[in-house]
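Below, each chain spelled out in residue letters.
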Amino acid sequence: MPRAFITGITGQDGQHLASFLHSKGYDVYGMVKGQSNPHVGAVLEEMPFIEMVPGDLADLPSLVAALNMAQPDEVYNLGAISFVALSFNQAELTANITGLGVLRMLEAIRMVGGSQNNPIRFYQASSSEMFGKVRETPQNEQTPFHPRSPYGCAKVFGHDIVVNYRESYDLFACSGILFNHEGPRRGIEFVTRKVTNAVARIKLGLQHELVLGNLDSKRDWGYAGDYVRAMWLMLQQDVPEDYVIATGETHSIEELVERSFGEVGIDDWRQYVRQDPKFFRPAEVDLLIGDSSKARERLGWMPEIDFPTLISMMVAHDLQVEAAKAGIEL
Ligand code: GDR
């Protein structure tokens, strides 16, 4: 059985990827840091097949020990400080984990290596946030980076060091430049889930307003379940390369809000929404839209879930969860 090692196993993508790889017959190892990660229990309850291994992206010896224990064929580095807004307040921590963490993982892979015939293959979660103040539209693998946050800067370092290690040491290392990808497993701090959850609670009478920041920025939103397939496909190729993964459609936050309220039959959504400067960022990424032609041609990858279906799925999920929590029958 092939063996996969995933950092960020308790995050949205870690969960989707673990379930996808398990269905493909992989043994799945997940790296967890700290003594009592609050999400581990819930993830294991749903996916008891995951073997949890201790390790921390800030601690190279722990990464070496974790890889020695798991002996993986494939490593997926999804672990990061991934909330852009937080990265402005914890810039050094973000640089250390989201940026230098990639370097440490690459070093650990060089040390542990895998068998000679079967060297470890590495996937790095790069991000559309690297494009930031975009130099061209849509963005593809050749578009220059102009990050707008400490998170974006750290991801640029991670991306560049993957390219450098691939060229210097002939590692099988790829980066997927993933545009925003969402779903019911998304953390509540990210705007899609914050909105769909609030809409569900407002519909159920459990909440009365939704407080947001900038409603004008535009994102290329896909479904996380579609995007983890692309990660795996990148590692099955003969040659390691980087790929943009995106839907090629963009929508504003305002459209997201309008559509989400529309799902529960609320048209006059403005009476529920308030803007607060505390949710605005010191520098914003105004417009993202990805050109994923390379992935579509070379990997045969295509997103299956479109924006309306994604929002509908998330609102329906949040209605179920919030109603069950409050003991309301739908
Ligand atoms: P993003 O995702 O920064 O694009 O990064 P997020 O959902 O946090 O923000 C998207 C846009 O919405 C605007 N916005 C708000 N955002 C949040 N979180 N909360 C609000 O109340 C709010 N109001 C408006 C933001 O200003 C922004 O323009 C995500 C992360 O998953 C990264 O880790 C990943 O790399 C990229 O997507 C691709």
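Up top is the structure these notes are about.
A few points on the structure.

Conventions we followed
- Residues numbered from 1 in each chain as written.
- Predicted model: local features only at pLDDT ≥ 70, side-chain atom pairs only at ≥ 80, totals over all residues.
- Heavy atoms only, no water.
- Helix = DSSP H or I, 4+ residues; strand = E, 2+ residues; numbered from the N terminus.
- Rg over C-alpha atoms; globule rule 2.2 N^0.38 Å.
- Buried < 20%, exposed > 50% of the residue type's maximum accessible area, 1.4 Å probe, protein only.
- Contact = heavy atoms within 4.5 Å.
- Lys, Arg positive; Asp, Glu negative; His and termini not counted.
- Charge placed at Lys NZ, Arg CZ, Asp CG, Glu CD.
- Near = heavy atom within 4 Å.
- Polar contact = N/O pair within 3.5 Å; in protein donor to acceptor, adjacent residues only side chain to side chain.
- Nonpolar A, V, L, I, M, F, W, Y, C, P; charged D, E, K, R; others polar.
- Domains from an automatic or database assignment.
- Salt bridge = Lys/Arg side-chain N within 4 Å of Asp/Glu carboxyl O.

Examining the overall build of the chain
Stage number 1. Each helix and strand in the chain was counted, giving 11 helices and 13 strands.
Stage number 2. Taken against the 2.2 N^0.38 rule, which gives 20 Å for 330 residues, the C-alpha radius of gyration of the chain at 20 Å falls within 12% of a compact globule.
Stage number 3. Expressed as lengths along the three principal axes of its C-alpha atoms, the size of the chain is roughly 60 × 45 × 40 Å.
Stage number 4. Evaluated residue by residue, the chain yields a buried proportion of 53% over its 330 residues.
Stage number 5. Taking contacts inside the chain between residues at least 6 apart in sequence as the whole, the part at least 24 apart equals 76%.
Stage number 6. Here the chain holds 29 positive side-chain charges and 43 negative ones, and the gap between their average locations is 3 Å.

Comments concerning the site of the ligand
Stage number 1. The local shell around the ligand holds 24 residues, among which Ser82, Ser127, Tyr151, Arg281 and Glu284 are the closest.
Stage number 2. Lys194 has a polar side-chain atom sitting 2.7 Å from an oxygen atom of the ligand.
Stage number 3. Taking Arg219, its side chain carries an N or O atom lying 2.8 Å from an oxygen atom of the ligand.
Stage number 4. In terms of residue class, the shell around the ligand is made up of 10 nonpolar, seven polar and seven charged.
Stage number 5. Mapped onto the domain boundaries, the shell around the ligand takes at least three residues apiece from domain 1 (3-182 + 221-245) and domain 2 (191-219 + 250-287 + 306-326).

Topic: the pattern of salt bridges
Stage number 1. With the rule as written, the count across this model stands at 16 salt bridges.
Stage number 2. Note that Lys294 is salt-bridged to Glu241, the shortest N-O span being 2.8 Å. Linking Lys294 in helix 10 (residues 293-299) with Glu241 in the loop between helix 8 (224-235) and strand 11 (243-245), this pair joins segments that are 53 residues apart in sequence.
Stage number 3. You can call Lys294 buried: its relative accessible area is 17%.

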